[in-house]
Amino acid sequence: MRRRRFRTTLSSSGTLILVRAARTYLQSVLGLMTAGGLGLDSGMLPHDVGRLLLTSLQLALAPAIYTVLHEGIDVLAKLDPTAADAR
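Predicted model only: the values in this text are computed from it and were never measured.

When you look at the overall build of the protein chain in this model, what are you seeing that I'm missing?
The helix and strand inventory of the protein chain stands at 3 helices and 0 strands. Each helix and strand of the protein chain, ordered N terminal to C terminal, gives the series α-α-α. Burial statistics for the protein chain: of 87 residues in total, 17% are counted as buried. At a minimum sequence separation of 6, the contacts of the protein chain that also span at least 24 residues come to 77%. Just so you have it, the protein chain exposes about 6800 Å², and 67% of that area is on carbon and sulfur atoms.

Encoded structure:
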């Protein structure tokens, strides 16, 4: 019975981690798009918007990966005192 609760905790924690990483990714993409679009060059051409979007999508991966690592460490730290056999 105790192991079932542990698995449920891990699956819900995994979902929470992925949701937070997706939120961080989307916020980073929007922030980078806004910063890139409101730069000194206000006359953006349509092909420049696509290039800006691609660059923003690539650069936003770093904060999302950091979020996954950070939240994963937090989950493991919370499990450490409660489930010593899970280490």
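Please clarify how the layout of surface pockets should be interpreted in this entry.
Sizing a probe to match a water molecule and rolling it over the atoms shows the empty space that remains. Estimates place the volume of the second largest pocket at around 160 Å³. Taken together, 10 residues line the second largest pocket, and the ones lying closest to its centre are Ser13, Leu16, Asp74, Val75 and Lys78.

It is not clear to me how the environment of Ser56 should be interpreted in this structure. Could you clarify?
Along the chain, Ser56 turns up in helix α2 (residues 46–59). A relative accessible area of 2% means that Ser56 is categorised as buried. Sequence separation between Ser56 and Ala35 is 21 residues; the distance between their C-alpha atoms is 9.9 Å.

Looking at this structure, I do not really get the side chain of Thr67. What am I missing?
Its place among the elements puts Thr67 in helix α3 (residues 61–82). Thr67 gets classed as buried once you look at its relative accessible area, which sits at 12%. Engagement of the side chain of Thr67 in a polar contact is seen with the backbone oxygen of Pro63, the distance being 2.8 Å. Other than its neighbours up to four places away in sequence, Thr67 contacts Arg20, Ala21 and Thr24.

Would you take a moment to explain the pattern of salt bridges for this structure?
Between side chains of opposite charge, a pair can form when the charged atoms approach closely. Going through the model one piece at a time under the given rule, you end up with 2 salt bridges. Here Arg51 ties to Asp48 by a salt bridge, and the two come within 3.6 Å at their closest N and O atoms. Of this pair, Arg51 and Asp48 both sit in helix α2, 3 residues apart, which is roughly one turn of the helix.

How should the environment of Leu53 be read in this particular structure?
Its place among the elements puts Leu53 in helix α2. Residues Leu53 and Leu30, spaced 23 residues apart in sequence, show a C-alpha to C-alpha distance of 9.2 Å.

What should I look at first to understand a nonpolar patch on the surface in this one?
Taken together, the side chains of Leu61, Ile65 and Leu69 make up a nonpolar region of the molecular surface, amounting to roughly 300 Å² of accessible area. Topologically, Leu61 is positioned in helix α3. You can call Leu61 partly exposed: its relative accessible area is 44%.

Rules used throughout
Within each chain, residues carry numbers counting from 1 in the order of the written sequence. Given that this is a predicted model, residues contribute local features only at a pLDDT of at least 70 and side-chain atom pairs are listed and counted only at 80 or more, while totals for whole chains, interfaces and linings are drawn from all residues. As a rule here, side-chain values come from all non-hydrogen atoms in the structure, and water together with hydrogens is ignored. The numbering of helices and of strands both runs from the N terminus, where a helix is a DSSP run of H or I of at least 4 residues and a strand a run of E of at least 2. Each residue is assigned to one of three classes by its accessible area relative to the maximum for its type, calculated with a 1.4 Å probe on protein chains only: buried under 20%, partly exposed between the two thresholds, exposed over 50%. The contact criterion used throughout is that any non-hydrogen atoms of two residues lie within 4.5 Å. Computed with the Shrake-Rupley method and a 1.4 Å probe, the accessible areas treat only the protein chains shown as cover for residues. Put simply, the grid is 1 Å and covers the protein atoms alone, a cavity is a trapped set of points that fit a 1.4 Å probe, a pocket is an open set with protein on both sides within 12 Å along at least five of seven lines, and lining residues have an atom within 4 Å of a point. Grid points are joined across faces, edges and corners, and a volume is the space filled by probe spheres set on the points. Think of a polar contact as two N or O atoms within 3.5 Å of one another; within protein, one of them needs to be a possible hydrogen donor and the other a possible acceptor, and neighboring residues in sequence only count if both atoms come from side chains. Whenever a carboxyl oxygen of Asp or Glu lies within 4 Å of a side-chain nitrogen of Lys or Arg, that contact is scored as a salt bridge. A patch is a set of surface residues, each over 30% in relative accessible area and not in a salt bridge, joined within 9 Å for like charges and within 5 Å for the nonpolar side chains Val, Leu, Ile, Met, Phe, Trp and Tyr.

Don't take any of this as a statement about function, it's just geometry.
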